[in-house]
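# Inside the fold
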Amino acid sequence: LSFVSQEKNKQILVLGLDGAGKTSVLYSLASNRVQHSEAPTQGFNAVCIDIEDSQMEFLEIGGSEPFRSYWEMYLSRGLLLIFVVDSADHNRLPEAKKYLHKLIGANPILPLVVFANKQDLETAYHITDIHEALALSDVGNDRKMFLFGTHLTQNGSEIPSTMQDAKDLIAQLAAEV
Ligand code: G3D
Ligand code: MG
């Protein structure tokens, strides 16, 4: 596993606070089956996913404090940013918002795909509330921005249709860049 990208590969950044579900989302997108992560990501996690004719490299950077300084460094070579939030982690939404806006502030055009994850949890905020909590109306007029409500529950089951839709959209966005 390497996070050094070949030039023709398209690198997609997967960021968000620790525990949001980044690794689970990534594994599930790769296999089209729900697959939860087994352990918190230490540092980096790179996964190559074949979509249509191209191979895309998804790079997750650990969301815990020591790794956050790397986020901005990788922004310049990212094709698009996937930001994952735990919709039920109400206390940390302000923190997620702060980091998201720091990231997008550093790049005014990078397309943004937000996964409001863990929609299966009873206390999860609806995506309209996530939209507001993350101040997504402030992401800029020149930026493409998409918000998906996602949930990963039964290990091994087919990924939910919103996840498949998100995957198709990501492929389309990456092809346009
Ligand atoms: P991260 O990579 O962003 O740090 P992980 O997050 O993918 O490691 O997931 C953190 C925890 O959230 C994991 O549980 C994982 O199974 C769980 N999780 C991920 N997505 C969902 C979801 O949509 N719904 C629910 N209910 N849980 C989810 P553990 O128990 O291993 O910490
Ligand atoms: Mg992880």
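If you're wondering where the values come from, they're calculated on a predicted model, not measured in any experiment. (Residues numbered from 1 in each chain as written. Chains lettered and ligands numbered in written order. Predicted model: local features only at pLDDT ≥ 70, side-chain atom pairs only at ≥ 80, totals over all residues. Heavy atoms only, no water.)

## Digging into the packing of aromatic side chains
Heads up, the condition is: Pairing of aromatic side chains requires ring centres within 6.5 Å, counting the rings of Phe and Tyr and the six-membered ring of Trp. Pairs whose planes differ by under 30 degrees are stacked, by over 60 edge-to-face, and all others tilted. Helix numbering and strand numbering both begin at the N terminus, where a helix is a DSSP run of H or I of at least 4 residues and a strand a DSSP run of E of at least 2. Think of it in three bands: with a 1.4 Å probe and only protein chains considered, a residue is buried below 20% of the maximum accessible area for its type, exposed above 50%, and partly exposed in between.
Throughout the structure, instances matching the rule amount to 2 aromatic pairs. Ring geometry for Phe115 versus Phe148: centroids 6.2 Å apart, planes at 50°, classification tilted. Of this pair, Phe115 sits in strand E5 (residues 112-117) while Phe148 sits in strand E6 (residues 145-149), and the two are 33 residues apart along the sequence. For the pair formed by Phe115 and Phe148, the shared burial category is buried.

## Regarding the pattern of salt bridges
This is how the line gets drawn: The term salt bridge refers to a pairing of a side-chain nitrogen on Lys or Arg with a carboxyl oxygen on Asp or Glu at a separation within 4 Å.
Here the structure, examined in full by the defined rule, presents 4 salt bridges. A salt bridge links Asp18 to Arg92; the nearest nitrogen and oxygen atoms lie 3.3 Å apart. Note that Asp18 is positioned in the loop between strand E1 (10-15) and helix H1 (22-31) and Arg92 in the loop between strand E4 (80-86) and helix H3 (93-105), a separation of 74 residues in sequence. A relative accessible area of 23% places Arg92 in the partly exposed class. Overlapping salt bridges bring together Asp18, Asp89 and Arg92 as one network.

## With respect to the coordination of the magnesium ion (ligand 2)
Here is the rule we go by: Sites may look incomplete, because water is not among the atoms used; the donor set itself consists of N, O and S atoms within 2.8 Å of the metal (3.2 Å for Na, K and Ca).
Each protein donor to the magnesium ion (ligand 2) is listed here as Thr23 (OG1), Thr41 (OG1) and Glu60 (OE); together their distances run 2.0 to 2.1 Å. For the magnesium ion (ligand 2), the donor residues sit on a single chain with the sequence spacing T-x17-T-x18-E. Pair noted here: Thr23 is in helix H1 and Thr41 is in the loop between H1 and strand E2 (44-51), with a separation of 18 residues, a long-range link. Thr41 matches Thr23 in its accessibility class, with the two residues each being buried.

## Notes on the pairing of E6
As a reminder, the rule being used: By definition, two strands form a pair when at least two bridges between them are found by DSSP. Handedness of a crossover is defined as follows: orient the strands so they point away from the viewer, and if the path from the first strand over the helix to the second runs clockwise, the crossover is right-handed.
With 5 bridges connecting them, E5 and E6 associate as parallel partners. Its bridge partner being in E6, Leu112 is matched across the sheet by Met145. Taking the sense of rotation as the criterion, the β-α-β connection linking E5, helix H4 (residues 127-133) and E6 turns out right-handed.

## What to know about the side chain of Thr41
In plain terms, the rule: Between N or O atoms, a polar contact is any pair within 3.5 Å; within protein, one atom must be a potential hydrogen donor and the other a potential acceptor, and residues adjacent in sequence are included only when both atoms are from side chains.
What makes Thr41 buried here is its relative accessible area of 18%. In this structure the side chain of Thr41 is engaged in a polar contact, spanning 2.7 Å, whose partner is the side chain of Thr23.

## What to know about empty space enclosed by the protein
One water molecule sets the probe size; rolling that probe over the atoms shows where empty space is left. The line we're drawing: Cavities and pockets are defined on a 1 Å grid built over the protein atoms alone: a cavity is a set of grid points where a 1.4 Å probe fits but cannot escape, while a pocket is an open set with protein on both sides within 12 Å along at least five of seven lines, and lining residues are those with an atom within 4 Å of any such point. Grid points are joined across faces, edges and corners, and a volume is the space filled by probe spheres set on the points. Three residue categories are used. Nonpolar comprises Ala, Val, Leu, Ile, Met, Phe, Trp, Tyr, Cys and Pro, charged comprises Asp, Glu, Lys and Arg, and polar comprises the others, including Gly.
In total, this model carries 1 cavity of 30 Å³ or more according to the counting rule given. Estimates place the volume of the largest cavity at around 30 Å³. Lining the largest cavity we find Arg68, Trp71, Glu72, Tyr99, Lys102 and Leu103. When contributions to the lining of the largest cavity are tallied by element, the ones reaching two or more residues are helix H2 (68-75) and H3. Broken down by class, the residue content of the lining of the largest cavity amounts to 3 nonpolar, no polar and 3 charged.

## Some details on the UniProt feature "binding site: Mg(2+)" (unreviewed entry) in the protein
Quick note on the threshold: UniProt positions are given in the numbering used here, feature names are shortened, and annotations may be inferred rather than shown by experiment. Any pair of residues with heavy atoms lying within 4.5 Å of one another is described as a contacting pair.
The feature "binding site: Mg(2+)" (unreviewed entry), as given by UniProt, occupies Thr23 and Thr41 in the numbering adopted here. Considering the C-alpha atoms alone, the annotated residues occupy 19 residues of sequence yet fold into one spot, their largest mutual distance being 7.4 Å. The annotated residues that sit in the lining of the largest pocket are Thr23 and Thr41. Exposure remark for Thr23: the relative accessible area of 7% places this residue in the buried category. Non-local contacts of Thr23, meaning those with residues more than four positions away in its chain, are made with Ser37, Thr41, Asn45 and Glu60. Residues contacting Thr41, with those up to four places away along its chain left out, are Thr23, Glu60 and Gly62.

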